[in-house]
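Fold and contact review
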Amino acid sequence: MSVCTLRIDDQDVAIAAGSTVLQAIRSAAIAVPTLCHLDGLSPVGACRLCLVEVEGSERLLAACVTTVQDGMRIHTNSSRLQEMRRTLIELLFSEGNHICAICVANGQCELQDLAVRVGMDHSRFSYRYPNRCVDLSHPQFGLDHNRCILCTRCVRVCDEVEGAHVWDVGWRGEHCQIISGLAEPWGAVEACTNCGKCIEVCPTGALFHKGEGTDEKHGHPGRLAALVQGRSRQELEP
Amino acid sequence: MSTRRTIQIDPVTRIEGHAKISIHLGPDGLVETARFHVTEYRGFEKFCEGRPFTEMAAITARICGICPVSHLLAAARTGDKILAVSIPPAAEKLRRLMNLAQIIQSHALSFFHLSSPDFLLGWDSDPQQRNIFGLISANPELARGGIRLRQFGQGVIEALGGRKIHAAWAVPGGVRAPLSAKTRDQITAGLPEAHAVVRQGLDVLKQLLDQHLREELHVFGEFPSLFLGLVGKGDRWEHSSGGDCAGVRVMDSDGSVVADGLSEDDYASYLSEAVEPWSYLKFPYFKALGPEAGSYRVGPLARLNLCERIGSEQADRELLEYRDRGGRVVTASFLYHLARLIEILACLEQMERLLDDPEILATHVRARAEVNCFEAVGISEAPRGTLLHHYCVDENGLIERVNLIIATGQNNTAMNRTITQIAKHDLTAAELAQPQLKEALLNRIEAGIRCFDPCLSCSTHASGSMPMRVQLFGADGALLDQVSRG
Ligand code: SF4
Ligand code: SF4
Ligand code: FES
């Protein structure tokens with residue numbers, strides 16, 4: 001196995017070739033925020049929160065979808081990046097309808113935590129207040145589009161791990177929306193196995209167990225990695 | 001020179017929310033009527049539409065920062081009915097416990113912080129001093145006691161719900177978490193001090209009522225009206241639906257029961273709301289008797305009138321004395337203050353009883369079910385009076401329509417009658433001849449409203465888009481002046 005050495009901020013890091021920059025950053029115990037990334041799912045580079053500066057590259061690169069190269073010099077925490085991350089989070093908030101005080105995920109939300117982490121005390125963008133709906137047609141679960149940030153974790157977990165492929169991203173631009181089946185009510189999609197994995201991985205209060213009230217959602221995105229790993233080693237076979 | 005003047009006091013300080021009052025002089029130059037304008041508009045009912053009904057507790061709790069628990073409980077009660085479940089007995093008791101704590105803290109705020117500075121420091125005292133801080137220097141023990149009493153109530157809410165305000169702890173089907181023995185003991189430990197404070201408040205207020213607040217009894221809104229609220233089985237005082245509640249009772253000033261055992265489900269058949277162009281606050285009335293004769297009062301005064309007994313020793317003794325002072329049916333709105341203190345005592349005694357009941361520690365506190373009913377009405381006694389939540393949901397539980405009937409709104413007519421009575425009494429012809437209105441008078445009118453402890457942010461929740469405006473009508477009904485603000 002060949003190894004790449006790279007320099008991240010002030011640290012020298014050695015990591016297996018083919019790893020992602022995000023893996024290298026994590027192996028050096030450097031904190032870079034992520035939102036769409038989830039260990040156990042394929043990376044998509046949707047949220048852009050993990051952007052880093054790579055010397056020699058004009059563009060900022062998303063660490064979760066960039067493969068390491070020998071000799072890379074990476075900066076993860078410049079003021080430009082800090083500003084960029086705060087702006088991204090503000091845009092996510094102004095794009096949907098996030099009323100944390102009444103949200104099922106209040107206190108347990110990755111988006112909310114990131115807002116605190118990037119120092120967002122208000123949004124410099126005006127709120128769009130889009131007119132979005134809530135789908136409670138499923139017997140056990142609910143989807144509130146107002147809180148969806150289109151990270152596509154649900155789409156990937158359902159397709160890659162459960163193999164049911166209930167979810168997709170429908171429409172375009174500002175009308176983009178997570179859809180179940182062929183844009184049917186979730187309860188009408190027979191492919192859904194009621195496994196609840198999408199609820200567990202959703203970083204926000206968009207997907208939840210029906211009947212959960214304010215502050216009551218406790219997602220477990222961390223469980224996924226263990227599940228995927230266990231399966232690959234066939235530990236979980238009967 | 002015009003014989004008509006309008007005197008406006010704007011805004012009324014020390015009531016939650018915003019208000020405007022206008023006093024209308026007739027052609028004879030005397031006070032004809034006074035109006036309490038509510039020009040704040042919040043539209044809560046509209047933005048609940050499309051939300052899951054399970055969120056209603058959290059949404060409506062935000063209508064009011066002083067009595068969020070009342071909305072929480074009414075919303076949870078309505079939610080129980082949408083699920084069509086009867087909640088576990090321990091949950092019923094815990095909800096009652098929280099409502100008692102809520103009544104204690106809200107009444108303590110009203111009496112000790114907001115109203116007693118007026119009584120104890122006098123109407124003519126320096127307005128800068130006539131507040132809780134002035135009270136602290138004048139009667140530090142009472143002021144501190146009041147603060148401690150409120151803390152006690154809030155502490156119970158916090159211990160149960162995890163937060164002082166906005167605790168989304170009562171949920172459709174029950175409550176979220178059981179009570180631990182440790183928390184129960186903590187609450188119990190706070191009861192003796194709370195008892196001592198309310199006792200002290202009662203002594204001070206009763207003494208004042210015997211002496212220099214005597215006149216206020218007859219000026220601050222003494223008039224006949226109906227009274228409406230929940231009563232318990234055996235004609236006992238009641239603050240919550242479920243359990244031993246015997247439904248809604250309506251009583252006349254002479255003590256005759258106009259209607260009894262009414263169910264909240266049919267509220268629309270016996271309650272109606274009149275609208276006046278000069279206030280966002282509607283004027284609810286008992287339908288059968290029409291807007292005038294059907295106007296009623298809710299809250300502490302009504303609850304004490306409606307019951308025969310409270311059902312606990314000390315509070316019942318106070319109730320007897322209270323009736324000696326004000327009659328079997330008390331019509332003097334000023335006695336809302338005394339009624340509040342008696343209710344605090346009642347709450348403390350009932351709390352004690354609930355905490356002694358081993359069932360309160362049971363761990364099964366939540367029933368789970370699907371949406372089984374598409375329309376439901378929940379009722380609860382908030383500190384300020386009867387509170388109704390009415391939801392219609394679709395088959396998945398998304399809210400289609402909401403109607404909220406809130407305590408302050410139901411006292412609207414009574415508040416207007418009260419300030420008219422005060423203005424007529426205080427603004428004599430001689431007074432009106434003087435160009436300068438005395439601060440004391442303005443404060444008395446405000447204090448008339450404060451008898452009802454209105455929380456105005458709650459009561460102007462109705463949907464609609466009436467522009468905000470202030471109007472002046474002459475004795476002949478002609479519009480003399482108008483100010484528009486939106
Ligand atoms: S998902 Fe919920 S808790 Fe998270 S930011 Fe949005 S509203 Fe707030
Ligand atoms: S529903 Fe949740 S997991 Fe799915 S895209 Fe939206 S935010 Fe991501
Ligand atoms: S975590 Fe890398 S783009 Fe979202």
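Bear in mind the structure is a predicted one, so any value in this text is a computation, not a measurement.

Here we take up the overall build of chain A. When its secondary structure is counted, chain A shows six helices and ten strands. Against the compact-globule benchmark of 18 Å for 238 residues, chain A has a radius of gyration of 19 Å, which places it among compact chains. Taking the principal axes of the C-alpha coordinates as reference, chain A spans close to 55 × 50 × 30 Å. Per-residue burial over chain A gives 50% buried out of 238 residues.

Near ligand 1 the following residues occur: A:F93, A:H98, A:I99, A:C100, A:C103, A:N106, A:C109, A:L111, A:Q112, A:R147, A:T204 and A:G205. Class assignment of the residues belonging to the shell around ligand 1 gives a composition of six nonpolar, five polar and one charged.

Turning next to the confidence of the model for chain B. All names here are of chain B. For chain B, the mean per-residue pLDDT works out to 83, and 81% of the residues sit at or above 70. The low-confidence segment residues 13-18, where pLDDT is below 50, has 26 contacts with residues more than four positions distant or belonging to other chains. Between residues 457-474, whose pLDDT stays under 50, and residues either more than four places distant or in other chains, the model counts 74 contacts. Under the prediction, the complex receives an ipTM of 0.82, its pTM being 0.86.

The next thing to look at is unusual backbone geometry. Residues and elements named next belong to chain A. In the Ramachandran plot, D9 falls in the positive-phi region, its phi being about 50° despite a non-glycine side chain. Looking at the element boundaries, D9 is found in the loop between β1 (3-8) and β2 (11-16). Of note, N194 is a non-glycine position whose phi angle comes to about 60°, a positive value. On the basis of relative accessible area, N194 is assigned to the partly exposed category, the value being 34%.

The immediate surroundings of ligand 2 are formed by 13 residues, with A:C148, A:C151, A:T152, A:C154 and A:C202 found nearest. For the shell around ligand 2, the per-class residue count stands at ten nonpolar, two polar and one charged.

On to the interface of chain B and chain A. Tallying the contact residues gives 16 residues for chain B and 16 residues for chain A. For the chain B face of the interface with chain A, the top three residues by lost area are B:R51, B:R176 and B:N396, together amounting to 33%. Counting the contacts that link chain B with chain A gives four salt bridges. The interface formed by chain B and chain A holds six residue pairs in polar contact (both at pLDDT 80 or more) in total. When its residues are assigned to classes, the side of chain B that touches chain A shows six nonpolar, four polar and six charged.

Residue and element names in this part refer to chain A. On domain assignment, one finds that chain A holds domain 1 (3-77) and domain 2 (85-232). A straight line from the C-alpha centre of domain 1 to that of domain 2 covers 25 Å. If you look at the interface, domain 1 gives 21 residues, while domain 2 gives 23 residues. When domain 1 packs against domain 2, the two sides together hide about 1600 Å² of surface, and 62% of this comes from carbon and sulfur. Scanning the region where domain 1 abuts domain 2 turns up zero salt bridges. Counting the contacts that link domain 1 with domain 2 gives eight residue pairs in polar contact (both at pLDDT 80 or more). Of the residues contributing to the side of domain 1 that touches domain 2, the split by class is 13 nonpolar, six polar and two charged.

Okay, the packing of aromatic side chains next. Within this structure, the stated rule accounts for six aromatic pairs over all chains. Aromatic pair A:W167 and A:W186: ring centres 4.7 Å apart, planes at 70°, arrangement edge-to-face. With a gap of 19 residues between them, A:W167 in strand β8 (residues 167-170) and A:W186 in the loop between β9 (177-180) and α5 (197-201) connect regions that are remote in the sequence. Directly above the ring of B:F223 sits B:R297, whose terminal nitrogen or CZ lies 4.2 Å from the centroid.

This next bit is on the packing of helix α6 (residues 140-161) of chain B against helix α7 (residues 181-210) of chain B. Residue and element names in this part refer to chain B. Close contact between α6 and α7 brings their axes to 9 Å; oriented N to C, the two are set at 150°. Seen along the crossing, α6 lies across α7 with a hand that is left-handed. Packed against α6, whose contacting residues are E141, L142, G145, G146, R148, L149, F152, V156 and A159, the element α7 presents T183, I187, G190, L191, E193, A194, V197, Q200, G201 and V204 at the interface. Per-class residue counts for the contact of α6 with α7 are ten nonpolar, six polar and three charged.

Another point: the pattern of salt bridges. It is possible for side chains bearing opposite charge to pair when their charged atoms get close. All names here are of chain B. Counted by the stated rule, this structure contains 42 salt bridges over all chains. One salt bridge in this structure joins R96 and E92, with 3.6 Å as the shortest N-O distance. Here R96 and its partner E92 are both found in helix α4 (residues 89-121), four residues apart, which amounts to about one turn of the helix. Overall, the relative accessible area of 11% leaves R96 in the buried class. Residue class for E92 comes out buried when judged on its relative accessible area of 11%. K206 serves as the salt-bridge partner of E318, at 2.8 Å between the closest nitrogen and oxygen. One end of the pair, E318, is in helix α12 (residues 313-326); the other, K206, is in helix α7, and 112 residues separate them in sequence. Across this residue pair, the class does not change: E318 and K206 are buried. In the salt-bridge network here, residues are joined through shared partners; they are R77, D80, E92, R95, R96 and E238.

Right, let's talk about the side chain of B:K206 for a bit. Looking at B:K206, the relative accessible area reads 11%, which means it is buried. With near-sequence residues (within four places) excluded, B:K206 lies in contact with B:E318, B:E321, B:R325 and B:L338.

Next up on the list: α4(B). All names here are of chain B. The terminal C-alpha atoms of α4, which comprises 33 residues, lie 46 Å apart, in line with the 48 Å expected from a rise of 1.5 Å per residue. Taken as a whole, α4 carries its principal kink of about 55° at S115; the proline P117 stands between one and four residues after it. Just downstream of α4, G122 is the residue with a positive phi angle, here 95°.

Attention now goes to the sheet that holds strand β13 (residues 375-382) of chain B. Strand pairing in a sheet takes place through backbone hydrogen bonds and is either antiparallel or parallel in direction. All names here are of chain B. In spatial order, the strands read β13-β14-β15; together these three strands make up an open sheet with antiparallel pairing. The open sheet has two free edges, formed respectively by β13 and β15 (399-405), since each of these has just one partner strand. Neighbour-to-neighbour, the strand axes of the sheet open up by a mean angle of 15°, direction not taken into account. As defined by bridge partners, β13 adjoins strand β14 (residues 385-393) across eight bridges and the pair is classed as antiparallel. Looking at the pairing, A382 lines up with G385 of β14. Its contacts with the sheet put helix α3 (residues 68-83) on β13 and β14, and the angle it makes with β13 is roughly 150°.

Right, let's talk about the sheet that holds strand β3 (residues 51-54) of chain A for a bit. Residue and element names in this part refer to chain A. Spatially, five strands are ordered β2-β1-β5-β3-β4 in an open sheet, and the strand pairing comes out mixed. This sheet does not close on itself; its edge strands, each paired only once, are β2 and β4 (61-62). As paired strands, β1 and strand β5 (residues 73-75) are joined by two bridges and run parallel to one another. Directly across from I8, in β5, lies its bridge partner I74. Running at roughly 160° to β3, helix α2 (residues 79-95) makes contact with β3 and β5 of the sheet.

Here we come to the pairing of strand β9 (residues 257-262) of chain B. In this structure, strand β8 (residues 245-251) of chain B lies alongside β9(B), joined through three bridges in antiparallel fashion. For B:M251, the partnering residue across the bridge sits in β9(B) and is B:V257.

Rules of the game
Here, residues in each chain are numbered from 1, in the same order as that chain's written sequence. All chains are assigned letters beginning at A, and all ligands numbers beginning at 1, according to the order in which they are written. Local features in a predicted model are, by the rule used here, given only for residues with pLDDT of at least 70; side-chain atom pairs are given and counted only at 80 or more, and totals for whole chains, interfaces and linings are based on all residues. Side-chain calculation: all heavy atoms of the structure are included, whereas hydrogens and water are not. In DSSP terms, a helix is any run of H or I states spanning at least four residues, a strand is any run of E spanning at least two, and both are numbered starting from the N terminus. All radius of gyration figures rest on C-alpha atoms, and the globule criterion is 2.2 Å times the number of residues raised to 0.38. Each residue is assigned to one of three classes by its accessible area relative to the maximum for its type, calculated with a 1.4 Å probe on protein chains only: buried under 20%, partly exposed between the two thresholds, exposed over 50%. For each residue, the test is whether any non-hydrogen atom lies within 4 Å of the molecule or strand; if one does, the residue is near. Each residue is assigned to one of three groups, with Ala, Val, Leu, Ile, Met, Phe, Trp, Tyr, Cys and Pro labelled nonpolar, Asp, Glu, Lys and Arg labelled charged, and all others, Gly among them, labelled polar. Confidence scores labelled pLDDT are given residue by residue by the predictor and lie between 0 and 100. The contact criterion used is simple: two residues touch if any of their non-hydrogen atoms lie within 4.5 Å. When two components associate, each loses some accessible surface as probed by a 1.4 Å sphere; the sum of these losses over both components is called the buried area. Take a side-chain nitrogen of Lys or Arg and a carboxyl oxygen of Asp or Glu: if they are within 4 Å of each other, that pair is a salt bridge. Contacts described as polar in this section are N or O atom pairs within 3.5 Å, which, within protein, must combine one atom able to donate a hydrogen with one able to accept it, while residues neighboring in sequence count only if both atoms come from side chains. Domain limits in this description derive from either an automatic procedure or a database domain assignment. Each pair of aromatic rings taken from Phe, Tyr and Trp, with Trp reduced to its six-membered ring, is defined by centres within 6.5 Å and is described as stacked if the planes are under 30 degrees apart, edge-to-face if over 60, and tilted in the remaining cases. Geometrically, a charge over a ring is one whose NZ (Lys) or CZ (Arg) sits within 6 Å of the ring centre while staying within 35 degrees of the ring normal. Note on geometry: axes are C-alpha line fits, over the in-contact stretch for helices, and angles between N-to-C directions span 0 to 180 degrees. For any helix crossing, the convention is left-handed if the near helix is rotated counterclockwise from the far helix by under a right angle, and right-handed if that rotation is clockwise. Here the expected length of a helix is defined as 1.5 Å per residue gap, with one fewer gap than residues. At every residue, the bend is computed as the angle between two fitted axes, covering the seven residues ending there and the seven beginning there respectively. A pair of strands is treated as paired once DSSP finds two or more bridges between them.

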